[in-house]
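# A structural walkthrough
In case you want the letters, here they are:
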Amino acid sequence: MTIAAPRQRFARGASNTILIIIGLCFLVPLGWILFASFDTRATLAVEWPKNLSIDNFTAIMTVDQTWRPLWNSTLLSTGAAVITVLASILAAYPLSRFAMRFNKPFMYAVLFGTCLPITAMMVPVYSLFVRLNLLDSLWGTVFFMAATSLPMAIWMTKNFMDGVPISLEEAAWTDGASAMVTLRAVVLPLMRPGLAVVFIFVFIQAWGNFFVPFVLLLSPEKQPAAVSIFAFFGQHGAVAYGQLAAFSLIYSIPVLGLYVLVSRFTGSSFAMSGAVKG
């Protein structure tokens, strides 16, 4: 005990030090965004503004520079998240509830779909969009972003659905309910926290996606905020750091607000205690 105690204290101190260093690596960029957004003479240095000002926010509060790109990002992210969640539910239900011969090969094929780099897919996807006349289409981009998020969403949804006792569905089947009725009335209400996790996962991925809308959306008025942020990078290396930080701060608020809203609405864990008797 006397030998183990110093080792445990050393290991605890070393782990805490590593965690503090990792935390600082995240806090320093966040601190720069916060400080630079209120500094009209912001640079790359992380420093307290000499004169606090909201001029950076005033300068970017225009329809073309902020509000329309944020609206486009909302359409793309929400549309992709809703479509992905619905499709993943329908795909995960038979994989979770029915023992079929091709379940495992199908899940491995889905897992392989998560390994495909998006950059390798964009050339044939661009050609397909040209042939289908979907280039520069918001809804075409929404469906493609949903398709790219679907493999991981199916895995996540199936794992959450496996945690719902099948005995609850069997009781509903005994009363004459169909599989789709039990899915809608029994399974989905019990896995709302899991669906919220999948929704947030897909939403954040789509919200920060730069490459796909940059390639598939050509009109400036259809570009999301992830692409329009490059307007703050001028020619010959000139960067409006203050306005860039202010835009980044506004750009991150919807994601944080969605996370807080969904976490309060769904709770922190599944509440199925007492659902099964005997």
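Here, the structure is the one placed above.
Residues numbered from 1 in each chain as written. Predicted model: local features only at pLDDT ≥ 70, side-chain atom pairs only at ≥ 80, totals over all residues. Heavy atoms only, no water.

## Digging into helix H7 (residues 166-174)
Those residues of H7 lying buried are Leu 168, Glu 169 and Ala 172. Down the axis, H7 shows its buried residues gathered within 95 degrees of arc, on one side only. The inward-facing, buried residues of H7 contact helix H3 (63-97) and helix H8 (179-190). Of the residues flanking the end of H7, it is Gly 176, one or two places downstream, whose phi is positive at about 100 degrees. (Buried < 20%, exposed > 50% of the residue type's maximum accessible area, 1.4 Å probe, protein only. Helix = DSSP H or I, 4+ residues; strand = E, 2+ residues; numbered from the N terminus. Arc of directions from axis to C-beta. Contact = heavy atoms within 4.5 Å.)

## Some remarks on the pattern of salt bridges
One pass over the structure, following the stated rule, counts 4 salt bridges. Note that Lys 158 is salt-bridged to Asp 162, the shortest N-O span being 3.0 Å. Of this pair, Lys 158 and Asp 162 both sit in helix H6 (residues 138-162), 4 residues apart, which is roughly one turn of the helix. Classification of Asp 162 as partly exposed rests on a relative accessible area of 38%. (Salt bridge = Lys/Arg side-chain N within 4 Å of Asp/Glu carboxyl O.)

## Quick word on the packing of H6 against helix H9 (residues 192-207)
At a minimum axis distance of 10 Å, the contact between H6 and H9 shows a crossing angle of 155 degrees. Relative to H9, H6 is oriented roughly antiparallel. For the crossing formed where H6 meets H9, the hand is right-handed. Contacts between H6 and H9 involve Met 145, Ser 149, Met 152, Ala 153, Met 156, Thr 157 and Phe 160 from the first element and Gly 194, Leu 195, Val 197, Val 198, Phe 201, Val 202, Gln 205 and Ala 206 from the second. Of the residues contributing to the contact of H6 with H9, the split by class is 11 nonpolar, 4 polar and no charged. (Axes fitted to C-alpha atoms, helices over the stretch in contact; angles between N-to-C directions. Parallel < 35°, antiparallel > 145°, perpendicular 65-115°, else oblique. Left-handed = near helix turned anticlockwise from the far one by under 90°. Nonpolar A, V, L, I, M, F, W, Y, C, P; charged D, E, K, R; others polar.)

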